[in-house]
Amino acid sequence: MSRRLPVYLFALLFVVVTGLLSCFTRSGDGEKALPETVSYNFHIRPILSDKCFKCHGPDARQRKAGLRLDIADSAYAPLTETPGAFALVPGKPGSSELFKRISSQDTAYMMPEPESHLGALSRYEIKLFKKWIEQGAVYEPHWAFTAPKKPALPKVADAKWARNELDYFILDKLQENGLEPNKEADKERLLKRICLDITGLPPTLEMMDRFLADPSGDAYEKMVDWLLNTPQYGEKMAVHWMDVSRYADSYGFQDDNIRTQWPWRDWVIHAFNTNLPYDQFLTWQIAGDMLPDTDKEKILATGFFRNHKYTEEGGVIDEEYRIQYLIDKTKTYSKAILGISMECAQCHDHKFDPFSQRDYYSLLAFFNHTKEKGFEGDVNRSRPAKTPILTITAEDRKQLLSFIQAKDTSELEVSVMGEIDTLRKTYVLNRGAYDQPGAEVRPAAMRAVLPFDTTKFKRDRLGLAAWTVDKKNPLTARVFVNQLWQEIFGSGLVKTSGDFGMQGSLPTHPALLDWMAVDFMEHGWDIKRLVKQILLSATYRQSANVSEKQLKLDPENIYLSRAPRQRLAAEFVRDLYLASSGLLVKTIGGPSVKPYQPKGLWEQATSGRGVLAVYKQDHKESLYRRGLYNFIKLTVPPPAMGMFDASNRDQCEVKRLQTNTPLQALIMMNDPAVLEASRVLAQRLVRDPMPLPEKINNAFRRIICRKPTPEEEILLNNYYREQFELFRQKKLDALTTLQVGEYPLDKDADSLQSAALMKVVNIIYNMEEAIMKT
């Protein structure tokens, strides 16, 4: 009998072992200590990420041989093409065909085969694979579907560097990968960083001077506490939740008419500012209308599930669209809150995760008993909200709902959740078609995540909410902690923040993620405490400087040996130039606004029906609201924000893409809003009696949030003089330059100085650092 192992087994083995080792640093390969435990979840399974080895099943030859290394029973079974042999024998490397071949020197027997030119495994790699088998070649359940446990803090060489528990886990990984943390960033950059991460706004000059002048050891913590208690904190936090909830100001589809869902956005801001615990924050949004002590605020919170698109096109089938709305709710709940992708199971059993089609429709059943309709009439009968509706009166806004910022005393209508009296039956829909019902199902959540114990949880949305925030649920706390980490560091501990399933990325710091998730729950799901915990860490406070060693060993900054450099999100780019110029109107909440926008965009993409057929720009104070309040029309999202990768809100998004394109630079150079901000700030400085260099430094600090270097001062002052001469000699027209935007022109400010300084301010806005968090 030939001793040669089948080619498919050779290829699979090489992928397994090579990937297994990628989790460890390869420097000093022969002398590295082996990890205490070699894990299937965190070392072996990533290698099986190729779709050929996932639940789609092995390739044809593997099916014939019956070998599946991603399934324990298959991996332990006898090899059909090598009678009496086993690929894996737990605890016995010498009896495991895989190990014997990777450790053999016989070129006719060894793996990888010499003719593959893939190279033999190193001694360390062989020892590592041997240890996994010696430890039992254990296959564990998927990490994300097991409840997190709070691990002990790792032992680190430089415990003095750590400022709180988070740092021990970060430092442990840095040491494991031959890296050291950066020094702490200077106070100017730290202040800008925490201001942007807590409020989304740059620090004021007064804040900079106060912070720099405070020599106390707790100056940084005091500033963090102060910022967390500003109302702008709630606005900053709400931006991410608008993406998660697919918030928009229009109904979408062809006619895309206006809706009034903004009072729900006001509630989200209010919830973050009052530090509503995350378990309550979710419970109110999932089932606030069903709570025993429900009131209008809790009912308003359920608007979370009503933010999806609605059709107002005549001739549609009511049930088809009603089912479509339920599918949207199911997707949003599973992705936003549980971090799992359930879409596959709409039409068939999930190909990768342990969710059946029956599981999918059992989850959908929780939403199948609302008063919501699929169609309530065409656009000619459009209303600002859809059934069921919450009516908010002027009296409500004086009392319980005082956080809602309405323009007048008229009643408001908001789409919310509400149950019908007679429950509907729910069926598995064959291939996901609304008109092909199959087996009947009852409301239940995914057993693979946490069994839905009906003695503990009711089969309604309130029961689903309780199941969701149960401390034994392995996903809810992990997913939110990961999303918050992502918003602060640019990438989550789990990079695929919307997919914690089999196809998702593994956590870079699994022990840290579990520690934070458990700690978050232990401390009452306190969001502000979690934000502060991250911001007070030494990890967060590092400088963003990068060395050649860091670029070589960790080019993506996975292990956080430095602070990340991140461009501001679209809303905060707008906020930066409005705030630094003094134009920003800080009113919290209220209806969405329509700022400057190129002409014709709405008109070219409209059916011609409804009140949003034509773009009617706002004026006065409404032009200077934060980016959070920009009017979102689903079929034509705000163009400038879209260029900076804002979500189009068409569906739930938990992580934005980030691109770098010339259009972004053109917006910062030519957008009327940026030019207007440059003009307004310039004219305010021109009227100030301070010397010109101080004016330029003042503008620089407002925008960049630090003092300019001597070289930067020289460049900017020289540029001012060049521009001033061009305006003085009328090679450029000062009045034409200044006539941008609707904010009144200061006619008492010298026009030549104003125009030249406006050019300088605009140059500063176009520095990369202006819209970067470093």
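Residues numbered from 1 in each chain as written. Predicted model: local features only at pLDDT ≥ 70, side-chain atom pairs only at ≥ 80, totals over all residues. Heavy atoms only, no water.

**Some details on a nonpolar patch on the surface**
Move 1: A contiguous nonpolar surface patch, about 340 Å² in accessible area, is contributed by Met643, Leu663, Leu666 and Met669.
Move 2: The biggest single contributor to the nonpolar patch is helix α26 (residues 662-670), with three residues.
Move 3: As for its placement among the helices and strands, Met669 is situated in helix α26.
Move 4: A residue is classified by how much of its surface remains accessible, and Met669, at 42% relative accessible area, is partly exposed. (Patch = residues over 30% accessible without salt bridge, like charges linked within 9 Å, V, L, I, M, F, W, Y side chains within 5 Å. Areas by Shrake-Rupley, 256 points an atom, 1.4 Å probe, with all protein chains shown as cover. Salt bridge = Lys/Arg side-chain N within 4 Å of Asp/Glu carboxyl O. Helix = DSSP H or I, 4+ residues; strand = E, 2+ residues; numbered from the N terminus. Buried < 20%, exposed > 50% of the residue type's maximum accessible area, 1.4 Å probe, protein only.)

**Re the layout of surface pockets**
Move 1: Approximately 420 Å³ is the volume found for the second largest pocket.
Move 2: Going through the elements one at a time, α23 (570-581), α25 (639-643), α26 and α27 (672-686) are the ones with two or more residues in the lining of the second largest pocket.
Move 3: Per-class residue counts for the lining of the second largest pocket are 21 nonpolar, three polar and three charged. (1 Å grid on protein atoms, 1.4 Å probe; cavity = no way out; pocket = protein on both sides within 12 Å on 5 of 7 lines; lining within 4 Å. Points joined across faces, edges and corners; volume = space filled by probe spheres on them. Nonpolar A, V, L, I, M, F, W, Y, C, P; charged D, E, K, R; others polar.)

**A closer look at the side chain of Thr539**
Move 1: With respect to the helices, strands and loops of the structure, Thr539 is situated in the loop between α21 (527-535) and α22 (548-553).
Move 2: With a relative accessible area of 1%, Thr539 lands in the buried category.
Move 3: Not counting the four nearest positions on each side in its chain, Thr539 is found in contact with Trp161, Asp167, Ile170, Phe489 and Leu560. (Contact = heavy atoms within 4.5 Å.)

**Brief notes about empty space enclosed by the protein**
Move 1: Overall, the coordinates contain seven cavities of 30 Å³ or more when judged by the stated rule.
Move 2: If you add up the space inside the largest cavity, you get close to 50 Å³.
Move 3: In terms of lining residues, the largest cavity is bounded by Arg193, Asp197, Ile488, Phe489, Tyr540, Ala563, Pro564, Gln566 and Lys773.
Move 4: Listed by contribution, the elements that provide at least two residues to the lining of the largest cavity are α8 (187-198) and α19 (476-489).

**Some details on the environment of Arg246**
Move 1: Looking at the element boundaries, Arg246 is found in the loop between α11 (232-244) and α12 (262-273).
Move 2: For Arg246, a relative accessible area of 0% puts it in the buried group.
Move 3: For the pair formed by Arg246 and Tyr321, sequence separation is 75 residues and the distance between their alpha carbons is 18 Å.
Move 4: If we ignore the near neighbours within four places in the chain, the residues touching Arg246 are Phe304, Phe305, Asn307, His308, Asp328, Lys329, Thr332, Arg649, Gln651 and Cys652.

**Brief notes about helix α20 (residues 510-522)**
Move 1: With 13 residues, α20 ought to run about 18 Å at 1.5 Å a step, and its terminal C-alpha atoms sit 18 Å apart, in line with that.
Move 2: Counting buried positions along α20 gives 10 out of 13 residues, so the element sits mostly inside the fold.
Move 3: Looking only at α20, the buried set comprises Leu512, Leu513, Asp514, Trp515, Met516, Ala517, Val518, Asp519, Phe520 and Met521.
Move 4: In this fold, the buried residues of α20 make contact with α7 (165-176), α13 (278-287), α19 and α21. (Expected span 1.5 Å × (residues − 1).)

**A few points about the packing of α13 against helix α18 (residues 461-468)**
Move 1: Taken N-terminus to C-terminus, the directions of α13 and α18 make an angle of 160 degrees; their axes are 9 Å apart at the nearest point. Considering their axes alone, α13 and α18 lie roughly antiparallel with respect to each other. Both α13 and α18 take part in a crossing whose hand is right-handed. Where α13 abuts α18, its residues Leu282, Thr283, Ile286 and Ala287 lie against Arg461, Leu462, Leu464, Ala465 and Thr468.
Move 2: A class-by-class count of the residues in the contact of α13 with α18 yields six nonpolar, two polar and one charged. (Axes fitted to C-alpha atoms, helices over the stretch in contact; angles between N-to-C directions. Parallel < 35°, antiparallel > 145°, perpendicular 65-115°, else oblique. Left-handed = near helix turned anticlockwise from the far one by under 90°.)

**Thoughts on the pairing of strand β1 (residues 389-392)**
Move 1: Of the two faces of β1, only the one carrying Leu390 and Ile392 is buried; Ile389 and Thr391 on the other face are not.
Move 2: Across four bridges, the pairing between β1 and strand β2 (residues 412-415) is antiparallel. When the sheet's bridge partners are listed, Ile392 is paired in β2 with Leu412. (Pairing = 2+ DSSP bridges.)

**Some words on the state of the cysteines**
Move 1: All chains considered together, the criterion is met by zero disulfides.
Move 2: As a non-bridged cysteine, Cys652 has Cys344 as the owner of its nearest cysteine sulfur, 16 Å distant.
Move 3: Overall, the relative accessible area of 1% leaves Cys652 in the buried class.
Move 4: Take Cys705: it sits in no disulfide, and the sulfur closest to it among the cysteines is that of Cys195, at 7.6 Å.
Move 5: Relative accessible area serves as the criterion here: at 2%, Cys705 is assigned to the buried category. (Disulfide = S-S within 2.5 Å.)

**What about the confidence of the model for the protein?**
Move 1: The share of residues in the protein with pLDDT of 70 or more is 93%, and the mean pLDDT across the chain is 92.
Move 2: Per-residue pLDDT stays below 50 along residues 1-31; that stretch engages in 82 contacts with residues further than four places along the chain or on separate chains.
Move 3: The low-confidence segment residues 47-65, where pLDDT is below 50, has 46 contacts with residues more than four positions distant or belonging to other chains. (pLDDT = per-residue confidence, 0-100.)

**Looking at the pattern of salt bridges**
It is possible for side chains bearing opposite charge to pair when their charged atoms get close.
Move 1: The full count for this structure, using the stated rule, is 46 salt bridges.
Move 2: Residues Glu97 and Lys100 are paired through a salt bridge, measuring 3.6 Å at the closest nitrogen-oxygen approach. Of this pair, Glu97 and Lys100 both sit in helix α5 (residues 97-102), three residues apart, roughly one helical turn.
Move 3: For Glu97, a relative accessible area of 6% translates into the label buried.

**Examining the packing of aromatic side chains**
Move 1: For the structure shown, the criterion picks out 38 aromatic pairs.
Move 2: Pairing Tyr40 with Tyr139 gives two aromatic rings, centres 4.5 Å apart and planes at 40 degrees, and the pair type is tilted. On the criterion of sequence distance, the pair formed by Tyr40 in helix α2 (residues 40-44) and Tyr139 in the loop between α6 (123-134) and α7 is long-range, its members being 99 residues apart. By the burial criterion, Tyr40 is buried, and Tyr139 matches it.
Move 3: Positioned above the aromatic ring of Trp226 is the side chain of Arg210, whose terminal nitrogen or guanidinium carbon lies 5.2 Å from the ring centre.
Move 4: Here the guanidinium or amino end of Arg246 rests over the ring plane of Phe304, the centre of that ring lying 6.0 Å away. (Phe/Tyr/Trp six-rings, centres within 6.5 Å; stacked < 30°, edge-to-face > 60°. Lys NZ or Arg CZ within 6 Å of the ring centre and 35° of its normal.)

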